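Close look at the chain arrangement
Chain by chain, the residues run as shown.
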Amino acid sequence: MITEIRYNRPMTVELSGLRKTFGAVTAVDGIDLRIGDGEFFSMLGPSGSGKTTVLRLIAGFELPTAGTVALDGRDVTRLAPFERDVNTVFQDYALFPHLSVQENVEYGLKVRKVAKRERRDRAREALAKVRLEGFGARKPSAMSGGQRQRVALARALVNRPKVLLLDEPLGALDRKLREQMQVELKAIQRDAGITFVFVTHDQDEALTMSDRVAVFDAGRIVQVGTPEAVYERPVSAFVAGFVGSSNVFTGETAKTLFKKTGTFSVRPEKIAFTDEAAAAPGTVAEVIYAGPVTRYVVDLDAGARVVVVEQNSRTPRALAGLRGQRVRLGWHEEHVIPLPSGKDSAHAS
Amino acid sequence: MITEIRYNRPMTVELSGLRKTFGAVTAVDGIDLRIGDGEFFSMLGPSGSGKTTVLRLIAGFELPTAGTVALDGRDVTRLAPFERDVNTVFQDYALFPHLSVQENVEYGLKVRKVAKRERRDRAREALAKVRLEGFGARKPSAMSGGQRQRVALARALVNRPKVLLLDEPLGALDRKLREQMQVELKAIQRDAGITFVFVTHDQDEALTMSDRVAVFDAGRIVQVGTPEAVYERPVSAFVAGFVGSSNVFTGETAKTLFKKTGTFSVRPEKIAFTDEAAAAPGTVAEVIYAGPVTRYVVDLDAGARVVVVEQNSRTPRALAGLRGQRVRLGWHEEHVIPLPSGKDSAHAS
Amino acid sequence: GGGDEGGGSGPGGLSVPKVEKLAALGAGEGEVNIVSWAGYVEDGSTDKTVDWVSSFESETGCKVNNKVAATSDEMVTLMKTGEYDVVSASGDASLRLIYGGDVAPVNTGLIANYKDIFDGLKDKPWNAVNGVAYGVPHGRGANVLMYRTDIVKPAPTSWGAVFDPNSPFKGKITAYDSPIYIADAALYLMKSKPDLGIKNPYALDDTQFDAAVALLKEQNKAIGEYWADYTKEVQAFKAGNSVLGTSWQVIVNLAKADGAPVEAVLPSEGATGWSDTWMIAAKAAHPNCGYLWMNHIVSPKANAAVAEWFGEAPANKLSCAQTVDKNHCTTFHADDESYFDQVWYWTTPLAQCVDGRTDVTCKDYAAWTQAWTAIKG
Amino acid sequence: MTLSPAARWALRAAMALGLTFIYVPLLLVLVNSFNGDRTFAWPPHDLTTRWWAAAWASDGARQALLTSVQAALGATATALLLGTLVAFAVHRFAFFGRDTLSLLIVLPIALPGIVTGIALDSAWRSVMGELGIGKGLLSVVVGHATFCVVTVYNNVLARLRRTGTTLEEASADLGARPWQTFRYVTFPLIRSALLAGGLLAFALSFDEIIVTTFTAGPGLTTLPLWIFTNLFRPNQAPVVNVVAAVLIIASVIPVWVAQRLAFTPGSGPPR
Amino acid sequence: MHRHPRWQLAGLLAAPVLWLVVAYLGALGVLMVSAFWTVNGFTGGIVREFSLANFRTILGEEVYRTVTLRSVGVAAAVTVICAVVAVPMAFYMAKVASARSRHWLVIAVLTPLWASYLVKAYAWRVLLGNGGPIDSLFGGPGRGPGYGLTATVIVLAYLWLPYMILPIYAGLDRLPDSLLEASADLGARAGHTLRRIVLPLLVPSVAAGSIFTFSLSLGDYITVQIVGGKTQLIGNLVYANIGAAGNLPFAAALATIPVLIMVIYLIAVRRSGALEEL
Ligand SMILES: Nc1ncnc2c1ncn2[C@@H]1O[C@H](COP(=O)(O)OP(=O)(O)OP(=O)(O)O)[C@@H](O)[C@H]1O
Ligand SMILES: Nc1ncnc2c1ncn2[C@@H]1O[C@H](COP(=O)(O)OP(=O)(O)OP(=O)(O)O)[C@@H](O)[C@H]1O
Ligand SMILES: NCCCCNCCCN
Ligand SMILES: [Mg+2]
Ligand SMILES: [Mg+2]
């Protein structure tokens, strides 16, 4: 539903027919994309699928082999990075080690010849926004990973760019810290009203934070849409498998289960244990307790191995005893997602 | 329930009064631990809590300041690493960059003067076990992260150690790969019947893979038990907050909600929206769609901000519209976990 | 210093350490360590045709280890290490070696070729003390005045040309890079300022010395570069970086052979020069090979070869018949004693004035060295 | 990195100019080795190969080359040993005076050669001389090794810091005894650093003249000393150019080989 | 590994410490002590009696001050020239050239180290000679710098240039590209990035290179003889007194000047981390 709203807004970033090759490798293979003003836009995809390259093309670190990049309606394809009103938060933060935190943050203002006093005040403000008041005098080397990440963010934000590019900014942080930073990032983006283009290969992160998500595969975008659209209505087995986990059925099994030929995907949390006679019978092969949820691996008589996820709304009892038990699995028609081709086998992926 | 079984088995690893200080820093502050034969034992805890140091003490890379390490009933505290029947999978894999994959795996056999032919065969077998047949001739630098991780595993397994120590072996992998490797590791451990001592700071990983989990804090073990015991019955606010997310209530709020004084924790998935009049009223502050689940942040009238997690067993509709709505939250008495002290504030952590 | 119980005395009563000379020649020790000027000891290793060492080695069984020194001062330093047996010392080094007790008197009776050496070279102040010979003369030459014939016109006849503060060749004048060059200035002052009373350019009292130093400091402004090696000097004259200055006959010949338009004169004031002497170390580890070498190197053939290769007048009369270039001895004035009468051979300046004055103290060589540093600035 | 075309062009021009600056004099050396003039007057009026013939026939040059190679090998071997020992000590242990030691190692290369030269000369003569060991190849090797230690030390220390100790721990963990760990893991990992440091040490020693002047005894002529005396000898200067030209051309081989070997896995591939 | 750390340390350090502290520092120490001795003007014998005479001469005579200042000036000029020439070259090698050509460029820069120092200096004598190639470049005989101080600086800069390029290249090679990109991303042009990011981060590398260029220039006495015209540097004075005059005490006293300068220099640059980048 957010999708429709966005398309009426002015487009901050427009990529048209973007291609980039490195020698024989095609890193980006024809991308058309429009990102709206103030949008939190994520790029999700496996390693090597071209996410970073797209970001670098937007920032101006690479020249496209073909296609154009427009920012705010202006073609910037040939402009140098310093002529573009975008800023980047690098994966390794790329903080200047010889400058203090304060000087790092002031850097962008300094090169733009902002007066000293204003520079200082704006940097202070940016540091306050990332909750690093009082750390200005430190060197980056004296900061922890999470703190550095926030300095990098402040250094970019202080320039009030139209667009902020973030390349797996949370990749190096541990789980707990990462979850904290997700919340903070999202809040900052909302407050500052800046367009975020966010690269990650963590689907959870992409789903919870973004207004829209683009899923990359081999240099192309295979699906763009809201988190819900991408998760609930994947357009291909690849998307279904990459965004969240998925049970994919094909061939005979699919025919038996759904009375239709083709390839179909059903999410583990959409499958329930049931007593209905019409439900698919099977045997519990494995029970994995995971705290908030328990995962069941069930071998269907129809010939597929299926993962079922059940929220532990109650404390689970005697899970080990469940192994080998006969069960029936049911789902709603609407959650059976038809997929174009059936390259994937009938395994949970 | 697994707990009880383990204690009757012979103890592979026994740590008694183990302490290790580095100058003024106390990394390990008195640890007593008995790990059973064939057990998958995880150590979970925040950064700097001493997990790696304990592993290094077991492996013999560090000498304890006090206490002893026994392997299979034999005191090995003063033995060098090469005299101990344990092997380690390092966090950064520590593959020898100048040796091929095959040579890496053969290394432990070579230094023990195992004949060339046997060496080759056993290395092949180990590589097959981690599904890397045919990769023997490659250099580690030509392998992906997940593949390197498996080489490191094969290199350790080939020596058939009594105990395998793994220091965040999955830390550097991306989410998708990590989940795959969790499954593989677990299978290998089960097949080989080796004791795994597994360090992680990912609670999800610890919960799904382990027979038992030890939670570390500041050089001490604050709780040991099965995943369920640790997750469902945390002994402190720290454990409740660190293992999974948790809503912690204290002071007035707790009194109003539970009619008891003290500090209490309720897991987000244990809280449900309900129409019962007795339930706690509040307002939805935030709705976060996360694919398999949706997280709701609710401001209770009683004065606490609460996170509720609901499995998306059905496709959620119009989530955005829920914000600001009045709701009632209910939970079962048994899921209200009393915690000893109330240092944490009444926030989800 | 060594024992000074009257081994003899030099200028101003300076005593000479007593060192015994070799009484009789024994068998060779198998090797000899030599300090020499470049070009004096050639064993064919660089140019097969230039070799007067191999024959010596095969005849005597003494292997020659040669160390080339660039200046007289370096020779003295090297000899003081005690690692060498024989040295080809110029006059500005020889006295220092004698008074330092670093070299022994030479038993000339043990050197068969000694009798054929020009008399003008024997028993001179730089190679003998109180009639005791401390070495075998090797050869001699004068420090001549070289100039570019195409640029310096008319041809200079006086050292005044290099000391003229208003020289048209300012920046292209060259001088020898050594403290001993102070003597060249003194020699010029001897004639141009007779009231200074300089009798010997190597015996300068304070006033005389100061005058020479002042002259050289003035000259420094007109100097392009100081030279110490052949290649540098030849090249400078050929290219035109230098057009006027002190030189050696051999450099003149080399430059001419390479087609440079240069000429040299012995100016009216006379000139400084050198007469080299082979000396033997006081504590030579290989004295017999040392004597064999000294005898060999002044033999008619070897002496002729060295003289021709190096470019100087040979010491052995019979050598003039052995040179390839039959005019060699003429060109280098080998038997022209009147030519060498005008030459003041390099001698070590001592505090005890070498001209025999006893009423004043002269500047010693250490003072000359420090003054030279100051002159160059 | 991204640079404007102008900046890129300017850098390329700087590189080209720099290389010109480096190579024009070397080219001149090459040309002068054919210069008929004995003091290589410019421009050459005739070209000849007689200097090459003379150089080929020159035993002295060959002997000096051999001596230089021996001295450089000795100095390099010593520097490799000492430099590696110190690098390990500094990397693996914290001890009193560690910082001072790293300063001390730099000192011999940082002090003018003439200072090092005369200090070692007089020390050698008064200590070793008393023991009856005169100056010779050994004293030259000692002199050169002293200022070469630093190149090995720095390369090895940098490598040790980059590799850390986990690989050695992994080796011990797999059952290797200390010497096995050294042989199979540590040495192969620092090999290219040793090579890089050793190569620089060799080059420094091979071309050293000042320290050599003071530490070589009688009868020992290294190549730079040979070149030095021949520049001061009538008629021989051009032969020196031939020797230098040969050195320049021949040096490409060891440099190239070292460059290749230096990029073994673990030292980071050329990007 | 951790059995007997003390003995291991002793084993590692024994030989190097014996060599560097006892032998090298010992020799230097004796040399420094001999600076307080004098020499007998006639015999050249050393008088082992404490005397400040040498230092009195050095401090009293203007020429020593002049020559010291000139030498430091030459060393500083050579260092600056080398740095200015080396930075863009190293930058091109490390950050612009392709991996392939980088390989060859490193070789190209290293090769001259093997050509004899003396031969190169003499080649420059020819280049700088009256009517030589440099003169032609400036428009005719005598137009170029000729022999002298300028020539000395140029030739020394030439000789030590590779020693400056190498550490700077290594430093740049280690410098992550992302820092340069971050700077451009924040609006800085190439020049600004060079000044504010690259150069400050290269300080240790340049300082490391400067240890070579500065000390080798400060101690040189041969190049200056070849192309220096009538110029003399500290090295010449030391050499004149030891190699030539055999006045070891005075030479030692003179040698304290460069030793002092270099020790101060090293302590100053050590703080930048330069000593680890040689
Ligand atoms: N400078 C380069 N030279 C050559 N190939 C490159 C270059 N940069 C990227 N590539 C290639 O382009 C492809 C896309 O790379 P890119 O870095 O954009 O992927 P990514 O989606 O960001 O991957 P990751 O999640 O691992 O960061 C890869 O195959 C990569 O090897
Ligand atoms: N060699 C050492 N010297 C000094 N302090 C050390 C050393 N090793 C560990 N420490 C300190 O000991 C404490 C425990 O470190 P340890 O590495 O065991 O933690 P950890 O639980 O593994 O943390 P992480 O999750 O970050 O890996 C930390 O405070 C750490 O800084
Ligand atoms: N202090 C001794 C320095 C030696 C450096 N020699 C450099 C020789 C030139 N290649
Ligand atoms: Mg990427
Ligand atoms: Mg750890």
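Thresholds applied
Residue indices follow the written sequence of each chain, beginning from 1 at its first position. All chains are assigned letters beginning with A, and all ligands numbers beginning with 1, in the order in which they are written. In keeping with the predicted nature of the model, local features appear solely for residues at pLDDT of at least 70, side-chain atom pairs appear and are counted solely at 80 or more, and the whole-chain, interface and lining totals rest on all residues. To obtain the side-chain values, all non-hydrogen atoms of the structure were included, while hydrogens and water were left out. UniProt positions are given in the numbering used here, feature names are shortened, and annotations may be inferred rather than shown by experiment. Here a strand is any run of E in DSSP of at least two residues, a helix any run of H or I of at least four, and the numbering for each starts at the N terminus. Any residue under 20% of the maximum accessible area for its type is buried, any over 50% is exposed, and the rest in between are partly exposed; the area is computed with a 1.4 Å probe on protein chains only. What makes a residue near a molecule or strand is one non-hydrogen atom of that residue sitting within 4 Å of it. In protein, a polar contact requires one atom able to donate a hydrogen and another able to accept it; more generally it is a pair of N or O atoms within 3.5 Å, and residues adjacent in sequence count only if both atoms are side-chain atoms. Here, Shrake-Rupley sampling with a 1.4 Å probe gives the accessible areas, and only protein chains in the shown set may cover a residue. The classification used treats Ala, Val, Leu, Ile, Met, Phe, Trp, Tyr, Cys and Pro as nonpolar, Asp, Glu, Lys and Arg as charged, and all other residues, Gly among them, as polar. Where a domain begins and ends is set by an automatic assignment or by a domain database. It only takes one pair of heavy atoms within 4.5 Å for two residues to be counted as in contact. Summed over both partners, the accessible area (1.4 Å probe) lost when two parts come together is defined as the buried area. For this analysis, a salt bridge means a side-chain nitrogen from Lys or Arg found within 4 Å of a carboxyl oxygen belonging to Asp or Glu. Working rule for helices: expected span equals 1.5 Å times residues minus one. Here, the term disulfide refers to a pair of cysteine sulfur atoms separated by no more than 2.5 Å.

The name an unreviewed UniProt entry gives chain E is Spermidine/putrescine ABC transporter permease, with Winogradskya humida as the organism. As recorded by UniProt, the Sequence similarities (unreviewed entry) comment attached to chain E reads in full: "Belongs to the binding-protein-dependent transport system permease family. CysTW subfamily."

In the nomenclature of an unreviewed UniProt entry, chain A is known as ABC transporter ATP-binding protein of Winogradskya humida.

What to know about the UniProt feature "transmembrane region" (unreviewed entry) in chain E
All names here are of chain E. As annotated in UniProt, the feature "transmembrane region" (unreviewed entry) corresponds to residues 12–37, 72–92, 104–124, 144–166, 197–218 and 238–268 in the numbering used here. Structurally, residues 104–124 is divided into 71% helix and 0% strand, and its ends, taken at the C-alpha atoms, are 25 Å apart. When the span residues 144–166 is considered, its composition is 78% helix and 0% strand, and the gap between its end C-alpha atoms is 30 Å.

Looking at helix α2 (residues 72–80) of chain C
Residue and element names in this part refer to chain C. The element α2 is extensively covered by neighbouring structure, given that eight of its nine residues are classed as buried. When we look at burial in α2, the residues that qualify are Ser 72, Asp 73, Glu 74, Met 75, Val 76, Thr 77, Leu 78 and Met 79. Looking one or two residues beyond α2, the residue adopting positive phi is Gly 82, at roughly 75 degrees.

What about the site of ligand 3?
Lining the immediate surroundings of ligand 3 are Pro 108, Ile 109, Leu 111, Pro 112, Gly 113, Phe 147, Asp 207 and Glu 208 of chain D together with Trp 160, Tyr 163 and Leu 216 of chain E. Nearby residues around ligand 3 are contributed by chains D and E. The separation between a nitrogen atom of ligand 3 and a polar side-chain atom of Glu 208 of chain D is 2.4 Å. Within the side chain of Tyr 163 of chain E, a nitrogen or oxygen atom sits 3.3 Å from a nitrogen atom of ligand 3. Coverage of ligand 3 by the protein chains reaches 95% of its 340 Å² of free accessible surface. Secondary-structure elements contributing two or more residues to the shell around ligand 3 are α4 (98–110) of chain D together with α7 (149–174) of chain E. Along the lines of polarity and charge, the residues of the shell around ligand 3 split into eight nonpolar, one polar and two charged.

Topic: the domain arrangement of chain A
Residue and element names in this part refer to chain A. We note that the domain assignment places domain 1 (11–241) and domain 2 (245–346) within chain A. For domain 1 versus domain 2, the distance between C-alpha centres works out to 38 Å. Tallying the contact residues gives nine residues for domain 1 and eleven residues for domain 2. On the domain 1 side of the interface with domain 2, the three residues burying the most area are Tyr 231, Ala 237 and Ala 240, jointly 57% of the side's total. Viewed at the interface, domain 2 and domain 1 are joined by one salt bridge. The salt bridge involving Glu 232 is made with Lys 270; its shortest N-O contact spans 3.2 Å. The interface formed by domain 1 and domain 2 holds four residue pairs in polar contact (both at pLDDT 80 or more) in total.

Some points on α4 of chain D
Think of an α-helix as turning once every 3.6 residues; residues three or four places apart then point the same way. Residues and elements named next belong to chain D. When the terminal C-alpha atoms of α4 are compared, their 19 Å separation across 13 residues agrees well with the 18 Å that a helix rising 1.5 Å per residue should span. Extensive coverage of α4 is indicated by the burial of ten of its 13 residues. By the burial criterion, the buried members of α4 are Leu 101, Ser 102, Leu 103, Leu 104, Ile 105, Val 106, Leu 107, Pro 108, Ile 109 and Ala 110.

A closer look at the arrangement of the chains
By contact count, the leading pair among the eight pairs of chains in contact is chains D and E. There is no contact between chain A and chain C; across them, the least C-alpha separation is 44 Å. Nothing in chain B touches chain C, and the closest approach of their C-alpha atoms is 48 Å.

Regarding the side chain of Thr 212 of chain D
Residues and elements named next belong to chain D. On the secondary structure map, Thr 212 appears in helix α9 (residues 210–215). A polar contact is formed between the side chain of Thr 212 and the side chain of His 144, at a distance of 2.9 Å. Not counting the four nearest positions on each side in its chain, Thr 212 is found in contact with Val 140, His 144, Thr 222 and Leu 225.

Quick notes on the state of the cysteines
On inspection of all chains with the given rule, the structure shows three disulfides over all chains. Put simply, Cys 62 of chain C and Cys 289 of chain C are joined by a disulfide, and their sulfur atoms are 1.9 Å apart. The S-S bond linking Cys 62 of chain C to Cys 289 of chain C shows a torsion near -80 degrees; that makes this disulfide left-handed. Of this pair, Cys 62 of chain C sits in the loop between α1 (54–60) and β2 (63–69) while Cys 289 of chain C sits in helix α9 (residues 287–297), and the two are 227 residues apart along the sequence. Of the two residues, Cys 62 of chain C and Cys 289 of chain C, neither departs from the other in class, the shared state being buried. Each disulfide pairs two cysteine sulfurs, and for Cys 320 of chain C the partner residue is Cys 329 of chain C, the sulfurs being separated by 1.9 Å. Torsion about the S-S bond of the Cys 320 of chain C and Cys 329 of chain C cystine: about -90 degrees, corresponding to left-handed handedness. In this structure, Cys 320 of chain C and Cys 329 of chain C share a single accessibility class: buried. Free cysteine Cys 148 of chain D: the closest other cysteine sulfur is in Cys 82 of chain E, separated by 20 Å.

Regarding the site of ligand 1
Residues and elements named next belong to chain A. By nearness alone, 13 residues border ligand 1, and Ser 47, Gly 48, Lys 51, Thr 52 and Thr 53 come closest of all. Between an oxygen atom of ligand 1 and a main-chain N or O atom of Gly 48, the distance comes to 2.7 Å. In the model, an oxygen atom of ligand 1 is placed 2.8 Å from a nitrogen or oxygen of the Lys 51 side chain. Elements supplying a minimum of two residues to the shell around ligand 1: β2 (25–36) and α2 (51–59). In the shell around ligand 1, the residues fall into four nonpolar, seven polar and two charged.

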